Amino acid sequence: MINILLCGNKKVFDGALTQLISMTNRTKEAIHVYLMTMNLERVREDFVSITDEQVDFLNHVLRKKNPDNVVEKLDVTDLYEQEFHECVNETAYCTPYTLLRLLADMIPEIPDKLLYLDIDIMIANDIRQLWDIDVTEYEYAAVKEKYGCWLIRPDYFNAGMLLLNMARIRETGLLVKARELIRTKKLLFADQSAIFKSTTKKKLIPRRYNEQSKFNRKDTVVCHFCKRLMFLPYPHTENYKQWQVEEIHKYLHCHTFDEDLEEYLNLKQEFEKSREQK
């Protein structure tokens, strides 16, 4: 069993569906997806937890691929409020949902090894290649951040993919330290910076396990559709996600996931029809 951690609200449904389609189309082994969510309408009215209906549909899709696949919803609203209520990083550069992974060591159901993935990720090869990396002596494995390793520090990593050794993390208190930083110190990249500053020992692994710009390489395992810095025709950023099918074709010239995305569009239509009939 491969253990996956995803985080987000009801808006991550398209990202979760596309990502899990791409993963299960290339990975035969069963996966257990822990989907952490919360209601945070006190911050913004659309910060609503992923619905049971959405989770049920994800389970429906995944179990057709492998009957042992499972998506488990973990509502951590109370835990988040206990740890981060109105903290200095609650309105950071991204949504508060990125902070949820910092609660993983406090949840009994979370296993000793866990693969965290941002929602804007697609899987281009068998995820087992990543899962099988040995992190016994480390808190986690990660890939260097494309820009941060030049602008911040050579070992600065992108936290969109983290192969977590939860047993070691509980021993070293990495997430305990990270939560304290989030509560008390305003950080440029919030959760990512907190993890970086709290790390005792990490393993840096090749770029193909978190590719952040070129999505057509044959050996790539994880494609991360994160925000990109562009210099031509003038300095600007681009932020196209995998479920924006026309945009990733037109602007990113990425056709690696065309079959997965066609499946996604059909399944999304099926989901919408089932909702209309209720």
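As the structure is a computational prediction, the values presented were derived from the model and not from experiment. (Residues numbered from 1 in each chain as written. Predicted model: local features only at pLDDT ≥ 70, side-chain atom pairs only at ≥ 80, totals over all residues. Heavy atoms only, no water.)

A. Focus on the overall build of the protein chain. Regarding its fold elements, the protein chain presents 10 helices and 11 strands. Computed over its C-alpha atoms, the radius of gyration of the protein chain comes to 18 Å, within 12% of the 19 Å expected for a compact globule of 278 residues. When its C-alpha atoms are laid out on the principal axes, the protein chain stretches across 45 × 45 × 40 Å. Among the 278 residues that make up the protein chain, the fraction classed as buried is 56%. Considering only intrachain contacts with a sequence separation of at least 6, the fraction spanning at least 24 residues in the protein chain is 73%. For the protein chain, the accessible surface area stands at approximately 13000 Å², while carbon and sulfur atoms represent 50% of it. Placing the 40 positive and 44 negative side-chain charges of the protein chain at their respective mean positions leaves the two points 6 Å apart. (Helix = DSSP H or I, 4+ residues; strand = E, 2+ residues; numbered from the N terminus. Rg over C-alpha atoms; globule rule 2.2 N^0.38 Å. Buried < 20%, exposed > 50% of the residue type's maximum accessible area, 1.4 Å probe, protein only. Contact = heavy atoms within 4.5 Å. Areas by Shrake-Rupley, 256 points an atom, 1.4 Å probe, with all protein chains shown as cover. Lys, Arg positive; Asp, Glu negative; His and termini not counted. Charge placed at Lys NZ, Arg CZ, Asp CG, Glu CD.)

B. Geometry of the packing of helix α1 (residues 13–24) against helix α2 (residues 52–65). Where α1 meets α2, the closest approach of the two axes is 10 Å, and the angle between their N-to-C directions is 10 degrees. Relative to α2, α1 is oriented roughly parallel. Contacts between α1 and α2 involve F13, A16, L17, L20, I21 and T24 on the former and, on the latter, Q54, F57, L58, V61, L62 and K65. Residues belonging to the contact of α1 with α2 are distributed by class as follows: 9 nonpolar, 2 polar and 1 charged. (Axes fitted to C-alpha atoms, helices over the stretch in contact; angles between N-to-C directions. Parallel < 35°, antiparallel > 145°, perpendicular 65-115°, else oblique. Nonpolar A, V, L, I, M, F, W, Y, C, P; charged D, E, K, R; others polar.)

C. Inspection of the packing of aromatic side chains at higher detail. With the rule as written, the count across this model stands at 9 aromatic pairs. Ring centres 4.7 Å apart and planes at 35 degrees place the aromatic pair F13 and F271 in the tilted group. Residue F13 is found in helix α1, and its partner F271 is found in helix α10 (residues 258–276); the two are separated by 258 residues along the sequence. Note on accessibility: F13 and F271 belong to one class, buried. With a centroid separation of 5.1 Å and an interplanar angle of 55 degrees, the aromatic rings of F57 and F271 are classed as tilted. Placement of F57 in helix α2 and of F271 in helix α10 is noted, with a sequence separation of 214 residues between them. With respect to burial, F57 and F271 carry one shared label: buried. Of the aromatic side chains, those joined through ring pairs into one cluster are F13, F57 and F271. Taking the ring centre of W131 as reference, the NZ or CZ of K113 above it sits at 5.0 Å. The ring of Y138 carries K201 above its face, with NZ or CZ at 5.0 Å from the centroid. (Phe/Tyr/Trp six-rings, centres within 6.5 Å; stacked < 30°, edge-to-face > 60°. Lys NZ or Arg CZ within 6 Å of the ring centre and 35° of its normal.)

D. Broad picture of the pairing of strand β3 (residues 70–75). Here strand β2 (residues 31–37) pairs with β3 via 6 bridges, running parallel. Each residue of the ladder has a partner; that of V33, found in β3, is V71. Regarding the hand of the β-α-β motif, the stretch spanning β2, α2 and β3 is right-handed. (Pairing = 2+ DSSP bridges. Right-handed = clockwise from strand over helix to strand, strands pointing away.)

E. Geometry of the environment of V55. The topology assignment puts V55 in helix α2. Overall, the relative accessible area of 5% leaves V55 in the buried class. Residues contacting V55, with those up to four places away along its chain left out, are I50, V71 and K73.

F. Broad picture of α1. For α1, with 12 residues, the first-to-last C-alpha span of 16 Å sits near the 16 Å given by 1.5 Å per residue. Within α1, 12 of the 12 residues are buried, leaving the element largely enclosed by the surrounding structure. Looking only at α1, the buried set comprises F13, D14, G15, A16, L17, T18, Q19, L20, I21, S22, M23 and T24. (Expected span 1.5 Å × (residues − 1).)

G. Layout of the environment of I182. For I182, the location among the structural elements is in helix α7 (residues 174–184). Taking the relative accessible area as the measure of exposure, I182 reaches 0% and is therefore buried. It is 9.7 Å that separates the C-alpha atoms of I182 and I195, two residues lying 13 residues apart in sequence. Not counting chain neighbours up to four residues away, the residues in contact with I182 comprise F84, C87, V88, N89, L99, L102, L187, A190, D191 and A194.

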